[in-house]
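Below, each chain spelled out in residue letters.
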Amino acid sequence: MSSSFPTPAVTSRLPQVGTTIFTVMSALALEHGAVNLGQGFPDFDCDPRLVDAVDAAMRAGANQYPPMAGVPALREAVAAKIAAMYGHAYDPGSEVTITAGATQAIITAILAIVHPGDEVIVLDPCYDSYEPNIELAGGTAVHVALTPGTFEPDFARIAAAITPRTRAIVINTPHNPSATVWSAAQMAQLAATLRGTDIIVVADEVYEHMVFDGAAHQSVARFPELAQRSFVVSSFGKTYHVTGWKVGYVAAPAPLMAEFRKVHQFNVFTVNTPMQHGLAAFMAEPAHHLGLPAFYQRKRDLFRAGLAATRLRVLASRGSYFQCVDYSAVSALPEADFCRFLTTEIGVAAIPLAAFYQGGYEQRIARFCFAKKDETLQLALARLARL
Ligand SMILES: Cc1ncc(COP(=O)(O)O)c(C=O)c1O
């Protein structure tokens, strides 16, 4: 609204940040009636029993502030799940905190440990919140590329990026956007690379329950040496098909968690109560998360089988709910232009991989999300067959 009173000018804390490619592509998909395989969220509903559990909590009066660190029953369920899956016993009282999604867990962890002038290593391509989070803390993101072609971590390059000012490294497995999964040997290499340093690991494990072909997720929690220096972050939104609920958690050794909670307390203070009770009740049945690899592997295979009939080269997808394709045989366009073409002319939205690199990096690769109803995937495949 226009006014004769001036609004004071502010110097942006994040001058580089503009509209993200996810917003741009989703708007374009809507405008052109494209199937949106761009943004990473399911187009199907969650288990109705989860909704019932939240409803029951609301009706039972669980509608006021919960404890700052989260509803005890949910923290206990998280600790029990981590112990069962990865063999590390976090104390639900002092080592687990419920957050407003993984996004808040990551920024809070970074604000808790990064001081002005500190460096934080991030591995490109990476999720877009890491760098602004580091900048808001006054730190500098030091970008180290994952190996082009395979997206495997290059520990010689990571070691070379470590300086006396390196405070943390952010890792993400299963990986968005490349759908790679770190092996136990790579986790051991990470432990060896960090040995003797004070570097803290922020382990973004939001896709922990989406690992395919019988492989196991290698959480930092499995490796005692890494667990002692790590924040482990996960997301109920991803695991239970409720990305809009924005509930996640973080687990870390008590001294790290004490610092995390100092920031959390004055950031969100706490996370909505009935969702936490509902999630705690739902977690009592491990089949819900244990069934997720098979659920998404079937969708991945359906999608890949359809893509095999196109001229898109299908890259490996070993975890997460993403599938990358190399489109060199189809087009010489830069990635953003190709994704725009795909959306407006073919009717399927995708995300250019360059968007996940500092300064962009062109490989003629686009990312699709297959967390969609089978009929959505079939419709997208029918359109992609025209390529
Ligand atoms: C790698 C990665 N980390 C974190 C998040 C955010 O998770 P949440 O929705 O729980 O905040 C996402 C969501 O797309 C993601 O892909």
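In this report, we go over the structure that sits alongside the text. It should be emphasised that the depicted structure is a prediction, and the values quoted were computed from it without experimental measurement. (Residues numbered from 1 in each chain as written. Predicted model: local features only at pLDDT ≥ 70, side-chain atom pairs only at ≥ 80, totals over all residues. Heavy atoms only, no water.)

Let us look at the environment of S235. Counting through the fold element by element, S235 comes out in strand β7 (residues 230–235). Sequence separation between S235 and A159 is 76 residues, and the spatial gap between their C-alpha atoms is 29 Å. For S235, the residues in contact, after removing those within four places along its chain, are A102, V206, V247 and G248. A polar atom in the side chain of S235 sits 3.2 Å from the backbone nitrogen of G237. A polar contact is formed between the side chain of S235 and the backbone nitrogen of K238, at a distance of 3.2 Å. (Helix = DSSP H or I, 4+ residues; strand = E, 2+ residues; numbered from the N terminus. Contact = heavy atoms within 4.5 Å. Polar contact = N/O pair within 3.5 Å; in protein donor to acceptor, adjacent residues only side chain to side chain.)

In the region of the ligand, the neighbouring residues are G101, A102, T103, Y127, N172, N176, D204, V206, Y207, S235, K238 and K246. Between the ligand and K238, the relevant distance is 2.7 Å, taken from an oxygen atom to a side-chain nitrogen or oxygen of the residue. Take K246: an N or O atom from its side chain is 2.6 Å from an oxygen atom of the ligand. Its free accessible area being 400 Å², the ligand has 93% of it covered by the protein chains. Tallying contributions element by element places helix α4 (residues 101–113) first for the shell around the ligand, with three residues. Residues that form the shell around the ligand fall into these classes: four nonpolar, five polar and three charged. (Near = heavy atom within 4 Å. Areas by Shrake-Rupley, 256 points an atom, 1.4 Å probe, with all protein chains shown as cover. Nonpolar A, V, L, I, M, F, W, Y, C, P; charged D, E, K, R; others polar.)

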